[in-house]
Amino acid sequence: MKVASLLAVTAATACVLSAGQARAFGIGPTCQSYFAADVVLGIPHAPEATGQWRAALTNAQITGNVAPTSQAREEFINRAMGSQLTFLNSHRDTPEMVFVQAEGVQVSVPSKEALTDATMIPLAYIAGAAKQTKHYDEIPRLHVTGLGPTGVLKGTLLLPVSGHTGLDNANKWAKTDLYKVVIADAQGRETGKIVVNAPSKGVITIQELEVQMVPGQAIQIQYARNGSLGVGGYAEGRVYEIVWDGK
């Protein structure tokens, strides 16, 4: 979508961009300045390699240490958040969440459908790929390798506010929502908690996580905002299924 059309979409609406979000992206709190930067992929203040640029958007309630990162990974996080915000403002709907594994962990996507361009939101962080994978109308399934002998998967979730009832509610809920992230088995039955009753930090909240994996055993990462109907009505945007190869 061209810059001009994005500006037209947002010209008569409230901007879904909190002050914290604007600070994190190093821009003014207007949709116009954000979209102009996002569409051309020009990051006004390039995210630095430690991840401190996004500290204001990261919930203090985290499990485990912050995932190892890099300059390339932080730039991917920045662009993925930009895609979520663009989708929210232009479609007036709820973007899919994004899971970004720790630097050094490799991800593959076992479905050719994930290479579709049907949505703008990336499915996975695959460094150096000629064509990035995208979300599609199924629960995303990832294969991971490179966890080492501990089998601990670390990563970062980009958790968007709900946008299906309009931008005014999205702005309100960005400041008032509580949410949860849980671990489930491959059948969707909860087996553990990453965080519960965690406060939203903005239109997109960043949540670090740490999960003990078992070789060949699929787990689900599930995200839901309190007061919603859970993941059932939008599993493709609120669930990731992940399998580790044991290496």
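The paragraphs below set out a description of the structure included in this document. (Residues numbered from 1 in each chain as written. Predicted model: local features only at pLDDT ≥ 70, side-chain atom pairs only at ≥ 80, totals over all residues. Heavy atoms only, no water.)

1. Some details on the overall build of the protein
Rules: Starting at the N terminus, helices and strands are each numbered in turn, a helix being any DSSP run of H or I of at least four residues and a strand any DSSP run of E of at least two. Relative accessibility under 20% of the residue-type maximum defines a buried residue, over 50% an exposed one, and the middle range a partly exposed one, all with a 1.4 Å probe and only protein chains included. Only heavy atoms enter the contact rule, under which two residues are in contact if any of them lie within 4.5 Å. In this description, accessible areas are obtained by the Shrake-Rupley approach with a 1.4 Å probe, and a residue is regarded as covered only by the protein chains that are shown.
Regarding its fold elements, the protein presents six helices and nine strands. Looking at the protein as a whole, 50% of its 247 residues qualify as buried. Taking contacts inside the protein between residues at least 6 apart in sequence as the whole, the part at least 24 apart equals 70%. Summed over its atoms, the accessible surface of the protein is roughly 10,600 Å², and 56% of this surface lies on carbon and sulfur atoms.

2. Looking at the environment of T58
The line we're drawing: The term polar contact refers here to a pair of N or O atoms within 3.5 Å; inside protein, the definition further demands a hydrogen-donor-capable atom paired with an acceptor-capable atom, and it admits residues adjacent in sequence only when both atoms are side-chain atoms.
Tracing the backbone shows T58 in the loop between α3 (31-39) and α4 (71-91). Counting along the chain gives 98 residues from T58 to T156, while the straight-line C-alpha distance between them is 9.6 Å. In this view, T58 contacts K201, I206 and E208; residues no more than four positions away in its chain are not counted. At a separation of 3.1 Å, a polar atom in the side chain of T58 contacts the main-chain carbonyl oxygen of R54.

3. Examining the sheet that holds strand β1 (residues 98-101)
The criterion, for reference: Here, strands pair whenever DSSP counts at least two bridges between them. Angles shown run from 0 to 180 degrees and are taken between the N-to-C directions of axes, each axis being a line fitted to C-alpha atoms and, for helices, limited to the stretch in contact.
If you trace the three strands from one edge of the open sheet to the other, you get β1-β4-β7, paired in antiparallel fashion. Across the chains shown, the open sheet's two edge strands, defined by having one partner strand only, are β1 and β7 (204-212). In this sheet, adjacent strand axes meet at a mean angle of 25° when their direction is disregarded. Summarising the sheet, strand β4 (residues 152-160) and β7 pair through nine bridges and their orientation is antiparallel. Bridged to L159 within β7 is T205. Most of the contacts of α4 go to β4, to which it runs at about 30°, and overall it touches β1, β4 and β7.

4. Remarks on the environment of E241
Within the secondary structure, E241 is located in strand β9 (residues 239-244). Sequence-wise, E241 and P140 are 101 residues apart; in three dimensions their C-alpha atoms are separated by 6.1 Å. A polar atom in the side chain of E241 sits 3.5 Å from the side chain of R141.

5. Thoughts on unusual backbone geometry
At N197, a residue that is not glycine, the phi angle is positive and equals roughly 50°. In this fold, N197 is placed in strand β6 (residues 190-199).

6. Digging into the sheet that holds strand β5 (residues 178-185)
Taking strand neighbours across the sheet as the criterion, the six strands line up as β2-β3-β9-β8-β5-β6 in an open arrangement whose pairing is mixed. Edge positions in the sheet fall to β2 (106-108) and β6, since each has one partner strand and no second. Within this sheet the neighbouring strands show an average axis-to-axis angle of 25°, counted without direction. When β5 meets strand β8 (residues 219-225), the two strands line up antiparallel, connected through seven bridges. The residue of β8 that forms the bridge with K180 is A224.

By themselves, these are just geometric observations and shouldn't be taken as functional.
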